[in-house]
Structure formats: structure tokens, C-alpha cells
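Architecture and fold: a report
One letter stands for each residue in the lines below.
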Amino acid sequence: MFEAGKRQARRGLGAVAAGLVLVGVAACGGDGQSADDGKGGKASDKPADKPSASATGAAPLTQDRLTAASLTDGERIGAYTASEYALGAPLGDDYTADPAVCQPLVSLAKGATAFDPVAEVQRKADIPDELLGLTVSVQLRSYTAPDAAGVMKALATAGRECAGGFTENRALARAKYLKVEPAETPDVGDEARAYRFTLLDVKGTLKLYEYLTVVRSGSTTLSFRAEITGTKDVGGVPDEIIQAQWQKFRSATGEAAEKP
């Protein structure tokens, strides 16, 4: 249960989820296409309702192939170490969003969008000795083409419509997200989207920061969520973790190193 405790500590600055009390529900707001574009605007170059050729026709990766393309338990990435979740997935996969359109910003687990994954693998990367340090959830999901492009479209819609904030519903508590902003995207895959979240601590006074980066390559998505206990803004998902997972994925699947 160490991993569950660590996740709850990070989400609530050391508080157990059952004792969290957050007041206030932020309305979903903000408009304008620029809110869902990452730095460089890579994803906005193609019409949202017309998936690229690379998003169609390819068979989804099987569970075995997806596992082979994922970081392995104990794999070192600089100061970070990859590992598996003790409970199979991060607790946040069970969280929901209000309004529901914001759900892709919370989790891309089954039911988050109209497109459910065929297979998925859950990993995390952190510094084992740092209980309150940065943790990055790394999740690979394969879809029936062109569903992966549909997932990215749903994520873009959430980034745009939920820019003004939303509520994350947990088992016994609610978390208030104040702002959703575009963040810098990595130059890998067919398209990528990244966001910076500003949310409140358990007392509703301190601002905390989280980052989400999602890359699509063909019919597979690679998702990275970075979070840390405390008010420090880490500036984004560490690029070394993204690149390590991308190179592992590329090697196992034969994908190109960069976008065409």
C-alpha cells in the first residue's frame, strides 16, 4: 500500500484522501482555439475531424507488444527509476471530472472518452528515496485506428473548454483545478498535446502545479503526468523521461524518431 499512500500524499500534501475537504467547484470556462495548442502548435496543423493517414489502418498493439514497448521495472533514467504500480494503476485513473468534458485531463482510462483502449500498460518514474519528490505516471494505450486520433481530439476539446477550471472528483473528496494552460510539447510522434494545471491544496489556500503530456503515434498514445507534493513548479514533464519512453517505444515498434 506504499504506492497508494505516496499518491495520496502527493495529491493532498501529506493528507489521507478520506480526510480531504475541498470547498468550491470551478466552472468550466475559457474559449478560443489557442488554449488547447501546445508550444509550437503541432497538433493544430490538421483539421480535428480528419485524422491523418498515420492514424488510420494500423492494427492496435497487443498487450504483449505494448508491454515490450514500455519502460521496465527497475529501469534507470538518470536520477529516476521506472517501476510498476503496486495496485496496477495510479489512483487517479478512478477519478472523474465535473464537467464531464474535462475528463481526459484527469485520466484517459477506459470510459474517459468515447474510445476505449484495446490494451494498456501502467508505469511510473520517480526517485525512490524521495517520498515527496516528483513522480511521473507513464501510461501507454493502444486503440483500434483511428480511435487514438479521437482521443487526442477529446483531449484538445477538454483543454479548450476547461481552461477556466474544473473539479476533480475522488472517492471521498474533490479537488479544485483553477486553470488549464498549454505547455511545451515534445517533438516526437504524430501529434502531441501538453498542459499545465494550477490547483488548490487541501486547505484551499496554496497553489499546486501538475503537468500532462500526451503523445500519439499511429494508434497508440503515450501519456505522462508529472506531480509533486508542495508548491514547487517543476516546469513540465522531465524530457529525459519522455525521450526514454519514446526511444523504447520506437525500438519495439519501429516508429520514426520524429514527426514527418
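Procedures and definitions
Residues numbered from 1 in each chain as written. Predicted model: local features only at pLDDT ≥ 70, side-chain atom pairs only at ≥ 80, totals over all residues. Heavy atoms only, no water. Helix = DSSP H or I, 4+ residues; strand = E, 2+ residues; numbered from the N terminus. Buried < 20%, exposed > 50% of the residue type's maximum accessible area, 1.4 Å probe, protein only. Pairing = 2+ DSSP bridges. Salt bridge = Lys/Arg side-chain N within 4 Å of Asp/Glu carboxyl O. Expected span 1.5 Å × (residues − 1). Arc of directions from axis to C-beta. pLDDT = per-residue confidence, 0-100. Contact = heavy atoms within 4.5 Å. Phe/Tyr/Trp six-rings, centres within 6.5 Å; stacked < 30°, edge-to-face > 60°. Core = buried A, V, L, I, M, F, W, Y, C linked by side-chain atoms within 4.5 Å.

By the element assignment, Val188 lies in the loop between strand E7 (174-182) and strand E8 (191-200). The sequence separation of Val188 and Val215 amounts to 27 residues, and the corresponding C-alpha distance is 7.3 Å.

This part covers the pairing of strand E5 (residues 135-142). Counting buried positions along E5 gives eight out of eight residues, so the element sits mostly inside the fold. When strand E4 (residues 119-126) meets E5, the two strands line up antiparallel, connected through eight bridges. Opposite Asp126, over in E5, you have Thr135 as the bridge partner. As defined by bridge partners, E5 adjoins strand E10 (residues 220-227) across eight bridges and the pair is classed as antiparallel. By the bridge assignment, Val136 is partnered in E10 with Ala226.

With that out of the way, let us pick up the pattern of salt bridges. A complete count under the given rule lists 11 salt bridges for this structure. The shortest N-O distance in the salt bridge between Arg196 and Glu181 comes to 2.6 Å. On the criterion of sequence distance, the pair formed by Arg196 in strand E8 and Glu181 in strand E7 is long-range, its members being 15 residues apart. For Glu181, a relative accessible area of 25% translates into the label partly exposed. Of the charged contacts, one joins Arg196 and Asp233 as a salt bridge, the two residues approaching to 2.9 Å between their closest N and O atoms.

By definition, the strands of a sheet pair up through backbone hydrogen bonds, in either a parallel or an antiparallel sense. Strand order in the open sheet formed by 10 strands is E1-E2-E4-E5-E10-E9-E8-E7-E6-E3, with antiparallel pairing between adjacent strands. What marks the edges here is a single partner per strand, and that holds for strand E1 (76-77) and strand E3 (96-98). Direction of pairing for strand E2 (residues 80-83) relative to E4: antiparallel, over a ladder of three bridges. Among the inter-strand pairings, Thr81 is bridged to a residue of E4, identified as Asp126.

A few words now on helix H5 (residues 239-253). Look at H5: 21 Å from first C-alpha to last across 15 residues, which is about the 21 Å you get at 1.5 Å a residue. Buried residues of H5: Ile241, Ile242, Gln245, Trp246, Phe249 and Thr253, and no others. Projection of H5 onto a plane perpendicular to its axis shows the buried side chains occupying an angular sector of 125°, all on one side.

Let's shift gears to the confidence of the model for the protein chain. Summing up the model confidence of the protein chain, the mean pLDDT is 82 and the portion of residues at 70 or higher is 75%. Low pLDDT, under 50, characterises residues 256-260; the stretch is placed with 16 contacts to residues that sit more than four places away or in other chains.

Our next topic: the packing of aromatic side chains. Per the counting criterion, the structure on display carries three aromatic pairs. Ring geometry for Phe166 versus Tyr177: centroids 4.5 Å apart, planes at 20°, classification stacked. Here Tyr177 lies in strand E7 and Phe166 lies in strand E6 (residues 166-169), a separation of 11 residues in the sequence. Under the relative-accessibility criterion, Tyr177 is labelled buried at 0%. An aromatic cluster is present here, built from Phe166, Tyr177 and Phe197 joined pairwise through their rings.

Note on soluble globular proteins: their nonpolar side chains tend to be buried together. Residues Val136, Phe224 and Ile241 are the most contacted members of the largest nonpolar core, which totals 29 residues. Here this core takes four residues from H5, the largest share from any one element. Within the second largest apolar cluster, 24 residues are counted, among which are Leu155, Cys162, Val180 and Phe197.

Turning next to unusual backbone geometry. Omega for the bond connecting Asp98 with Pro99 falls within 30 degrees of zero, at 5°, which places this linkage in the cis form. For Pro99, the position within the fold is in the loop between E3 and helix H3 (103-106). In this chain, Ala145 is followed by Pro146 through a cis amide linkage whose omega measures 5°. When you line up the elements, Pro146 lands in the loop between E5 and helix H4 (147-161).

You can see Asp190 is positioned in the loop between E7 and E8. Here Asp190 falls in the buried class, since its relative accessible area comes to 14%. The spatial distance from the C-alpha of Asp190 to the C-alpha of Thr221 is 10.0 Å, given a sequence separation of 31 residues.

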